[in-house]
Amino acid sequence: MDQPDYADLVAAAFTACDLAYAPYSRFQVGAAALTASGRIFRGGNIENAAYPMTVCAERVALFSAYAAGEREIIALAVVTPTDEVASPCGACRQVLLELAPNCQVILLNKAGRQQRTTPRDLLPHGFGPTQLEEARGR
Ligand code: THU
């Protein structure tokens, strides 16, 4: 079966890119998360003059969905302003694995060329709740 094209989700990620707050890096990233209930949550990266306080677009979108009570993310589209398709930072991979382990990840360059992947492919051998549960059981 053909995979869905997620056209609305991709369009939302491009909108999120335009709305990003990135005055320091000027590297605007956009993300959009599609939930099982059919809602789309956008997020752009949000920077801060205290640089490490910055939050990436992927986490803004995922946290926004979770803040609205959503728990099942079907797909996450991410747009970077690059010629080559880029892939999420390590921190976002960790968050993605916990908050959206079964989602389809759609990575797009600025022209809309896309590559698809999964949270487990992005972060093999990731740390998760299993490790915490194991330690508690000891
Ligand atoms: N950034 C993201 O929002 N997502 C990524 O996947 C990589 C990096 C942001 C963080 C920072 O605001 C800017 O891009 C430059 O690193």
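Predicted model, so just to flag it, every value in this text is computed and none were measured. For every chain, the first residue of the written sequence is number 1, and numbering continues from 1 along that sequence. Local features are withheld for residues below a pLDDT of 70 in this predicted model, meaning they are given only at 70 or higher, and side-chain atom pairs are given and counted only at 80 or more; totals for whole chains, interfaces and linings count all residues. The side-chain numbers reported here are obtained from all heavy atoms of the structure, hydrogens and water having been left aside.

Visitor: Is there a simple way to think about the sheet that holds strand β4 (residues 104–108) in this case?
Guide: Backbone hydrogen bonds hold the strands of a sheet together, and the pairing may be parallel or antiparallel. Should DSSP find at least two bridges between two strands, the strands are taken to pair. Helix and strand assignments come from DSSP, with helices taken as H or I runs of at least 4 residues and strands as E runs of at least 2, each series counted from the N terminus. As summarised here, the arrangement of the 5 strands in space is β2-β1-β3-β4-β5, forming an open sheet in which the pairing is mixed. Two strands lie at the open edges of the sheet, namely β2 (40–44) and β5 (114–117), each paired on one side alone. Put simply, the sheet's adjacent strands are angled 15 degrees from each other on average, direction ignored. Relative to β5, β4 is paired through 4 bridges, and the arrangement is antiparallel. Residue pairing across strands places I106 opposite R116, the latter belonging to β5. Residue contacts follow a heavy-atom distance rule, with two residues in contact if any of their heavy atoms lie within 4.5 Å. As a rule, the C-alpha atoms of each element are fitted with a line to give its axis, helices using only the stretch in contact, and angles between N-to-C directions run from 0 to 180 degrees. Relative to the sheet, helix α1 (residues 7–19) contacts β1 (30–35), β2, β3 (73–79), β4 and β5, its axis offset from that of β1 by approximately 145 degrees. Together, β1, β2 and β3 form the strand contacts of helix α2 (residues 57–67), whose direction differs from that of β2 by roughly 145 degrees.

Visitor: I would appreciate a short explanation of the side chain of T82 in the present structure.
Guide: Along the chain, T82 falls in the loop between β3 and α3 (90–99). We call two N or O atoms a polar contact when they sit within 3.5 Å, provided that within protein one can donate a hydrogen and the other can accept it, with sequence-adjacent residues counted only if both atoms are side-chain atoms. One polar contact links the side chain of T82 to the main-chain carbonyl oxygen of E84, over a distance of 2.6 Å. Aside from chain neighbours lying at most four places away, what touches T82 is F27, N109 and K110.

Visitor: Before we go on, may I ask you to explain a nonpolar patch on the surface in this structure?
Guide: Patch membership is restricted to residues that have no salt bridge and whose relative accessible area is over 30%. Joining uses 9 Å for like charges and 5 Å for the nonpolar side chains Val, Leu, Ile, Met, Phe, Trp and Tyr. For the area figures, the Shrake-Rupley method with a 1.4 Å probe applies, and any residue is considered shielded solely by the protein chains shown. Each reported salt bridge corresponds to a side-chain nitrogen of Lys or Arg within 4 Å of a carboxyl oxygen of Asp or Glu. On the surface, a nonpolar cluster with roughly 450 Å² of combined accessible area is contributed by Y21, Y24, I46 and Y51. Position of Y51 relative to the elements: it lies in the loop between β2 and α2.

Visitor: I keep staring at the pattern of salt bridges and nothing clicks. Help me out?
Guide: A side chain with one charge may pair with a side chain of the opposite charge, provided their charged atoms come close. For the structure on display, the rule yields 3 salt bridges. For D83, the salt bridge goes to K110, with nearest N and O atoms at 3.0 Å. Of the two residues, D83 sits in the loop between β3 and α3 while K110 sits in the loop between β4 and β5, which places them 27 residues apart along the sequence. We call a residue buried when its accessible area falls under 20% of the maximum for its residue type, exposed when it is over 50%, and partly exposed in between, using a 1.4 Å probe and counting protein chains only. Under the relative-accessibility criterion, D83 is labelled exposed at 54%.

Visitor: How should the site of the ligand be read in this particular structure?
Guide: The criterion for a residue being near a molecule or strand is simple. One of its heavy atoms has to lie within 4 Å of it. In the region of the ligand, the neighbouring residues are S25, F27, V29, N45, E47, T54, C56, A57, E58, P88 and C89. At 2.9 Å from an oxygen atom of the ligand is found a main-chain nitrogen or oxygen belonging to A57. For the ligand, whose unbound accessible area comes to 370 Å², protein coverage reaches 77%. Each residue receives one of three labels: charged for Asp, Glu, Lys and Arg, nonpolar for Ala, Val, Leu, Ile, Met, Phe, Trp, Tyr, Cys and Pro, and polar for the others, Gly being one of them. Across the shell around the ligand, the residue classes tally to 6 nonpolar, 3 polar and 2 charged.

Visitor: What's the story with the packing of α2 against α3 in this structure? I'm lost.
Guide: The axes of two packed helices give the description: the angle between them and the distance between them. Across the interface, α2 lies against α3 with an axial gap of 10 Å and an inter-helix angle of 25 degrees. With respect to α3, the axis of α2 lies roughly parallel. The handedness of the crossing between α2 and α3 comes out as left-handed. Along the contact surface, α2 presents E58, R59, L62, F63 and Y66, while α3 presents A91, C92, V95, L96, E98 and L99. Split by residue class, the contact of α2 with α3 holds 8 nonpolar, no polar and 3 charged. Working definition: roughly parallel below 35 degrees, roughly antiparallel above 145 degrees, roughly perpendicular at 65 to 115 degrees, and oblique for all remaining angles. Put simply, a crossing is left-handed when the front helix is turned counterclockwise from the back one by less than a right angle, and right-handed when it is turned clockwise.

Visitor: It is not clear to me how the packing of aromatic side chains should be interpreted in this structure. Could you clarify?
Guide: Aromatic ring pairs: the centre-centre distance and the angle between the two ring planes describe each pair. Put simply, two rings from Phe, Tyr or Trp (the six-membered ring, in Trp's case) pair if the centres are within 6.5 Å, and we call them stacked under 30 degrees between planes, edge-to-face over 60, tilted for the rest. In this structure the tally under the stated criterion is 1 aromatic pair. Residues Y24 and Y51 carry aromatic rings whose centres are separated by 5.7 Å and whose planes lie at 45 degrees to one another, so their mutual orientation is tilted. In this pair, Y24 sits in the loop between α1 and β1 while Y51 sits in the loop between β2 and α2, placing the two residues 27 residues apart along the sequence. The exposed category is assigned to Y51, whose relative accessible area is 57%.

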